[in-house]
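Residues per chain, in single letters:
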Amino acid sequence: MLLLTRKEGESLIIEIEGLKEPIELKVVDINNQVKIGVTAPKECKIWREELYQTIQANRQAAVHELPKDNIKSIMMKLNK
């Protein structure tokens, strides 16, 4: 984990190969909580960590719930 310090109004820029635009994380306000602004291309999905964990668990459950017979049948239809 990379830890950086930023003051209010300062930003971090994240550049990802293949993305046209960089992602900007900006410290908007420091009070009882730190407020962070994110500027990123609309292709980027940005989640709060606790929500992301729920989404990942739901995705895993959906994969495990799909019977193998359905997968074979879907693959056969796609190969036609």
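Owing to the predicted nature of the structure, the values given are computational and were not obtained by experimental measurement.

Tell me about the overall build of the chain, and name the residues and values.
Helix and strand content of the chain: 2 helices and 3 strands. What you see in the chain, going N to C, is helices and strands ordered as β-β-β-α-α. Since a compact globule built from 80 residues should have a radius of gyration of about 12 Å, the 20 Å found for the chain marks it as more spread out than a globular shape. Dimensions along the principal axes, computed over C-alpha positions, put the chain at roughly 55 × 30 × 20 Å. Across the 80 residues in the chain, those meeting the buried criterion constitute 5%. Across the chain, the fraction of contacts at a sequence separation of at least 24, relative to all contacts at a separation of at least 6, is 5%.

Talk me through the sheet that holds strand β3 (residues 34–39); I want residue IDs and the actual numbers.
If you trace the 3 strands from one edge of the open sheet to the other, you get β1-β2-β3, paired in antiparallel fashion. Each end of this open sheet is capped by a strand with a single partner; those strands are β1 (11–14) and β3. Here the average twist between neighbouring strands, direction ignored, is 20 degrees. In terms of strand pairing, strand β2 (residues 23–30) meets β3 through 6 bridges, oriented antiparallel. Residue pairing in the sheet places V27 in a bridge with I36 of β3.

Tell me what's going on with a nonpolar patch on the surface, and back it up with residues and numbers.
Together, I30, V34, I36, V38 and I46 make up an exposed nonpolar region whose accessible area comes to about 450 Å². Among the elements that line the nonpolar patch, the one with the most residues is β3, at 3 residues. With respect to the helices and strands, I46 occurs in the loop between β3 and α1 (49–65).

Talk me through the pattern of salt bridges; I want residue IDs and the actual numbers.
Oppositely charged side chains can form a pair if their charged atoms are brought close together. Inspection of the entire model under this criterion finds 2 salt bridges. For E50, the salt bridge is made with R48, and the minimal N-O distance between the two is 2.9 Å. Taking relative accessible area as the criterion, R48 reaches 54% and is therefore assigned exposed.

I'd like a description of the environment of Q56, backed by residues and values.
Of note, Q56 is situated in helix α1. Taking the relative accessible area as the measure of exposure, Q56 reaches 28% and is therefore partly exposed.

What counts and what doesn't
- Sequence order as written defines the numbering, with residues in each chain counted from 1.
- Totals for whole chains, interfaces and linings use every residue, but because this is a predicted model, local features are given only for residues with pLDDT of at least 70 and side-chain atom pairs only at 80 or more, for both listing and counting.
- Excluding hydrogens and water, the side-chain figures rest on all heavy atoms present in the structure.
- Under the scheme used here, helices are H or I runs from DSSP no shorter than 4 residues and strands are E runs no shorter than 2 residues, and both carry numbers assigned from the N terminus.
- Atoms counted for the radius of gyration: C-alpha only. Globule rule: 2.2 Å times the number of residues to the power 0.38.
- Only protein chains enter the accessibility calculation, which uses a 1.4 Å probe; a residue whose area is less than 20% of its type maximum is buried, one above 50% is exposed, and one in between is partly exposed.
- Any two residues having at least one pair of non-hydrogen atoms within 4.5 Å are treated as being in contact.
- Two strands form a pair only when DSSP identifies at least two bridges running between them.
- For every element, the axis is a line fit to its C-alpha atoms; helices are fit only across the contacting stretch, and the angle between N-to-C directions ranges from 0 to 180 degrees.
- To count toward a patch, a residue needs a relative accessible area over 30% and no salt bridge; like charges are then connected within 9 Å, while nonpolar side chains (Val, Leu, Ile, Met, Phe, Trp, Tyr) are connected within 5 Å.
- Working definition of accessibility: Shrake-Rupley area with a 1.4 Å probe, residue cover restricted to the visible protein chains.
- Here, a salt bridge means any Lys or Arg side-chain nitrogen found within 4 Å of an Asp or Glu carboxyl oxygen.

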